[in-house]
Amino acid sequence: MSAAAWLERAANLASALPRRRADDERMRWSRDRLAAWQRERVAEIVRHASERSPFYRERLGGPVRGPVELSALPILTKDQLMDRFDEVVTDPRLRLEALLGHIEALRGDELYLGEHRVMTSSGSSGRKAVYVYDRPAWRAIVMTANLRMSRMVGLKPGVPRPRIAVVAAPDGKHMTFRGGASMDVGVFVSRRFSAASPVPELVAALNDYAPDLMLGYPSTLAILAEEQIAGRLRIRPKWVTTSSEVRTASMAERIRAAFGVEPFDCLGLTEIGIAALDCTEHEGMHLFEDLSIIEVVDEHGRAVPDGSPGAKILVTSLWNRVQPIIRFEVGDLMTVTSEPCACGRTFRRIVALDGRSDDVLELPGPSGLVSVHPIHLRGVLGRHAAVVAYQIVQREDDLEALVVLAKDAAPEVVVELGCDLVAAVRAQGAEVPVVVRAVPAIVREPGVGKLKLVRARPRGCP
Ligand SMILES: [Zn+2]
């Protein structure tokens, strides 16, 4: 790490540390107090956007000053954000074309113009998007969330310094990498490991590093758990946190069995930063509602009742002034509850995270196409003790289920899974053959190392 990079990280950490008590207190405010705070933040971010972003000024009909009803503001789509990128941002030096070039050349935590972190969404569905955080936004959002995460899981600074391993995207284009890199200073040691590396390489590197806290995609950590059980991986992390993918019951069980700890789960979205983490009750992830607002809505953008699954979410960043993200549409299938949590924190919780809306399969039934939610297939594959990893691929005439089986799995499991999947699909009113194939590994998304559990055919295809 260069001296400049070290200073940058140290300054970011130093800016967030003194606020930690206030940051924690907000998680225990009454809902009314939090709502009032959110209204103030929304008014401020909308005022700023309407004054400084030509795009928002136009869509909001000029500068907006005073209180704003968030739910009355227009929804922002990814196409709008990208088509009019240069007008959305509030810093005229930021131009999409130049940022794309910067992203292509990114290897680590390099800053654009010495102050902006530029990232892309993982692009698992269609068009990639570009997100920018200037230094104040990075500190207010990502550093606050990083330190809050370490406190919520109980990771305390000390000597020797706690060692964090982030097993995720291999380079600085992605939020998990940049967020992890930001912690590599001062009281913490943080190292990034590529989830796209061959497993033996990853195992050797982790054995060498011996992390205290390991954070990564659940599909990767489940495979590492298998390696630990087999005796090739020999680490003793006191904390394991999964992130950024759907975590199935069997993945969590495998992690528990291998490392002897109850895994935490967090939600990071490049659009708004780290958005949620579960507490030690492990009864859902508390949304970081003082950093961003997530509205769970149906396919027409109308709010769904508490505890009901939505068709997508609308995200608003309360602190990103350089690229205002206001009611931005993201295809996450999420269920949120405001039921109280035993930990006493009042922030609402995500009680189910079911992938992205493009994971919903359109399958033939006796009377036309039927939408089958990924949760029904996960019910079969995600809970089966013999399945280490899986991926459902929709093909021309059937569904193919690729499964990585545990070492001790009986060969007839493949047949059993096939029958269960056919039954699960049939229970939803669809009729389609399912082919189950045991494979040694599943190919991950290039460049990111994420694993998409369902690969549906794009809507509208024959
Ligand atoms: Zn809680």
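Read on for an overview of the structure. (Residues numbered from 1 in each chain as written. Predicted model: local features only at pLDDT ≥ 70, side-chain atom pairs only at ≥ 80, totals over all residues. Heavy atoms only, no water.)

**Description of the state of the cysteines**
A covalent bond between the sulfur atoms of two cysteines is what we call a disulfide.
No. 1: Under the defined criterion, the tally for this structure stands at 0 disulfides.
No. 2: Free cysteine Cys-266: the closest other cysteine sulfur is in Cys-279, separated by 14 Å.
No. 3: Taking the relative accessible area as the measure of exposure, Cys-279 reaches 0% and is therefore buried. (Disulfide = S-S within 2.5 Å. Buried < 20%, exposed > 50% of the residue type's maximum accessible area, 1.4 Å probe, protein only.)

**Focus on the coordination of the zinc ion**
The reference angle at a metal is 109.5 degrees if four donors form a tetrahedron and 90 or 180 degrees if six donors form an octahedron.
No. 1: Around the zinc ion, the protein contributes the donor atoms Cys-279 (SG), His-286 (NE2), Cys-341 (SG) and Cys-343 (SG), which lie 2.1 to 2.3 Å from the metal centre.
No. 2: Taken together, the 4 donor atoms coordinating the zinc ion and their angles of 101 to 113° define a geometry best described as tetrahedral.
No. 3: Taken in sequence order, the residues that donate to the zinc ion follow the motif C-x6-H-x54-C-x1-C. Each member of the pair, Cys-341 as well as Cys-343, is classed as buried. (Donors = N, O, S within 2.8 Å, 3.2 Å for Na, K, Ca; no water. Tetrahedral: all angles 85-135°; square planar, octahedral: opposite > 155°, others 65-115°.)

**A few points about the packing of aromatic side chains**
No. 1: Scanning all chains against the criterion turns up 6 aromatic pairs.
No. 2: Plain terms: the ring middles of Trp-37 and Trp-319 are 6.2 Å apart, the flat faces sit at 50° to each other, and that makes the pair tilted. Of this pair, Trp-37 sits in helix H3 (residues 31–52) while Trp-319 is found in the loop between strand E11 (312–317) and strand E12 (328–330), placing the two residues 282 residues apart along the sequence.
No. 3: For Trp-319, a relative accessible area of 24% translates into the label partly exposed.
No. 4: With a centroid separation of 5.3 Å and 80° between ring planes, the pair formed by Phe-55 and Tyr-56 is classed as edge-to-face. Comparing Phe-55 with Tyr-56 shows no difference in burial state: the two are buried.
No. 5: Among the aromatic residues, ring-to-ring pairing joins Trp-29, Trp-37 and Trp-319 into one connected group.
No. 6: A cation over a ring is seen here: Arg-148 above Phe-288, with NZ or CZ 4.9 Å from the ring centre.
No. 7: Directly above the ring of Phe-177 sits Arg-192, whose terminal nitrogen or CZ lies 5.3 Å from the centroid. (Phe/Tyr/Trp six-rings, centres within 6.5 Å; stacked < 30°, edge-to-face > 60°. Helix = DSSP H or I, 4+ residues; strand = E, 2+ residues; numbered from the N terminus. Lys NZ or Arg CZ within 6 Å of the ring centre and 35° of its normal.)

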